[in-house]
Amino acid sequence: MTDAAPPGGRLAAVPDSALADTLLTRLTTVYPAAGNPFRAQEMVAYMKGVAPFLGIRTPERRALSRTVLDGTPRPDEEDCAAVAVRCFALPEREYHYFAVDYLRRHVKRCSSGFLPVARRLVTTVSWWDTVDHLAAHVVGGLVAADPSLGDRMDEWIEDEDLWVARTALLHQLRFKESTDADRLFAHCLRRAADTDFFLRKAIGWSLREYARTAPSEVRAFVAAHTGRLSPLSVREALKHL
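Given the structure is predicted, the values throughout are model-derived calculations rather than measurements.

Draft legend 1. A look at the state of the cysteines. Summed over the entire model, instances satisfying the criterion amount to 0 disulfides. With no disulfide of its own, C87 lies 11 Å from the sulfur of C80, the closest cysteine sulfur.

Quick look at the structure:
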């Protein structure tokens, strides 16, 4: 399996999974019954029309998810892939959120071989509301468990897809003392010239988060490269310093 996304951003074939069958049957029964069309319109507008919504607020959705998950076994890696791929194939955004929450909970049950699945999710109906959680909690979790995947992040930072590059910038958000500072700084400089808001924001956010652990290092890095970093990146990086 490769990291390359299939044509049109479609996900690859879905692994067979009896657990995914059960969860998707429950999910597509429980979620729609709780939908609110008026709230759905508000959500679509807030998320700039990236996807349709059922209109379920996060606290209610997570309560419903507990009902969906009640009595089900822990998944293996194939189950995780099947649940995530099948959820992202559904149009409404709440199903994508369920998949992201599910992977956050079970990422430690996945090997480094799950990275191509994570990449395909990042590049499917891409927007910050799913990508950022996938970056910090799923991709980051995989890299933390297998540091050799850092080399793949060096490939992702070069990607033409801004969301793949953003994921590379954000995957160390939760690493704290385990942050590979050389890689973080190199990634920030690699995309420093980009004019895209989401990349500039990600550079600043990744630096700001590392500044909680190593403030002097971040301050020195920004001071040395103020001319290359955008004002937005600098402002975000130094926000709490």
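Draft legend 2. Just the confidence of the model for the chain, in detail. Summarising the model, the chain shows a mean pLDDT of 94, and 95% of its residues fall at 70 or more. Confidence over residues 1-11 falls short of pLDDT 50; this stretch has 23 contacts with residues more than four positions distant or in other chains.

Draft legend 3. Structural view of the environment of L238. Its place among the elements puts L238 in the segment after helix 13 (231-237). Separated by 23 residues in the primary sequence, L238 and P215 have C-alpha atoms spaced 9.0 Å apart.

Draft legend 4. A look at the pattern of salt bridges. Enumeration over the complete set of coordinates arrives at 15 salt bridges. With a closest N to O distance of 2.6 Å, R190 and E158 form a salt bridge. Here R190 is found in helix 10 (residues 181-190), whereas its partner E158 is found in the loop between helix 8 (150-156) and helix 9 (162-170), with 32 residues between them in sequence. Its relative accessible area of 39% is what places R190 among the partly exposed residues. Using a relative accessible area of 42% as the deciding quantity, one classes E158 as partly exposed. Overlapping salt bridges, with partners in common, bring together D151, D154, D180 and R183 in one network.

Draft legend 5. Local environment of the nonpolar core. Counting 80 residues, the largest nonpolar core has F98, F114 and L207 as its most contacted members. When neighbours within four sequence positions are excluded, F98 is seen to be in contact with L27, Y31, R61, S65, V68, L69, V83 and C87.

Draft legend 6. Broad picture of the packing of aromatic side chains. In total, this model carries 10 aromatic pairs according to the counting rule given. A ring pair is formed by Y31 and Y95, whose centres lie 5.7 Å apart and whose planes are at 20°; its orientation type is stacked. With Y31 in helix 1 (residues 18-33) and Y95 in helix 5 (residues 93-106), this residue pair connects regions lying 64 residues apart in the sequence. The residues Y31 and Y95 share a single accessibility class, namely buried. Plain terms: the ring middles of F98 and Y102 are 5.9 Å apart, the flat faces sit at 15° to each other, and that makes the pair stacked. Here the residue F98 and the residue Y102 both occupy positions in helix 5, the gap between them amounting to 4 residues, near one helical turn. The burial state of F98 is the same as that of Y102; both residues are buried. Ring pairing ties together the aromatic residues Y31, Y95, F98 and Y102, which thus form one cluster.

Draft legend 7. Representation of the packing of helix 11 (residues 197-211) against helix 12 (residues 215-224) within the structure. The geometry of helix 11 relative to helix 12 is characterised by a closest axis approach of 7 Å and an angle of 145° between their N-to-C directions. Seen from helix 11, the contacting residues are L207, Y210 and A211; seen from helix 12, they are P215, V218, F221 and V222. Taken together, the residues of the contact of helix 11 with helix 12 sort by class into 7 nonpolar, no polar and no charged.

Draft legend 8. Structural detail: helix 9. Burial within helix 9 is extensive, with 8 of its 9 residues counted as buried. Looking at the buried side of helix 9, the elements it contacts are helix 6 (115-122), helix 7 (128-145), helix 8, helix 10 and helix 11. A side-chain oxygen of the first residue of helix 9 lies 2.8 Å from the backbone nitrogen of W163; this N-cap is D161.

Draft legend 9. Representation of unusual backbone geometry in the model. Despite not being glycine, K48 has its phi angle at roughly 60°, a positive value. Relative to the elements of secondary structure, K48 occurs in the loop between helix 2 (37-46) and helix 3 (58-69). With phi around 50°, K176 is a residue other than glycine that occupies positive phi space. Along the chain, the position of K176 falls in the loop between helix 9 and helix 10.

Calculation criteria
- Residues numbered from 1 in each chain as written.
- Predicted model: local features only at pLDDT ≥ 70, side-chain atom pairs only at ≥ 80, totals over all residues.
- Heavy atoms only, no water.
- Disulfide = S-S within 2.5 Å.
- pLDDT = per-residue confidence, 0-100.
- Contact = heavy atoms within 4.5 Å.
- Helix = DSSP H or I, 4+ residues; strand = E, 2+ residues; numbered from the N terminus.
- Salt bridge = Lys/Arg side-chain N within 4 Å of Asp/Glu carboxyl O.
- Buried < 20%, exposed > 50% of the residue type's maximum accessible area, 1.4 Å probe, protein only.
- Core = buried A, V, L, I, M, F, W, Y, C linked by side-chain atoms within 4.5 Å.
- Phe/Tyr/Trp six-rings, centres within 6.5 Å; stacked < 30°, edge-to-face > 60°.
- Axes fitted to C-alpha atoms, helices over the stretch in contact; angles between N-to-C directions.
- Nonpolar A, V, L, I, M, F, W, Y, C, P; charged D, E, K, R; others polar.
- Polar contact = N/O pair within 3.5 Å; in protein donor to acceptor, adjacent residues only side chain to side chain.

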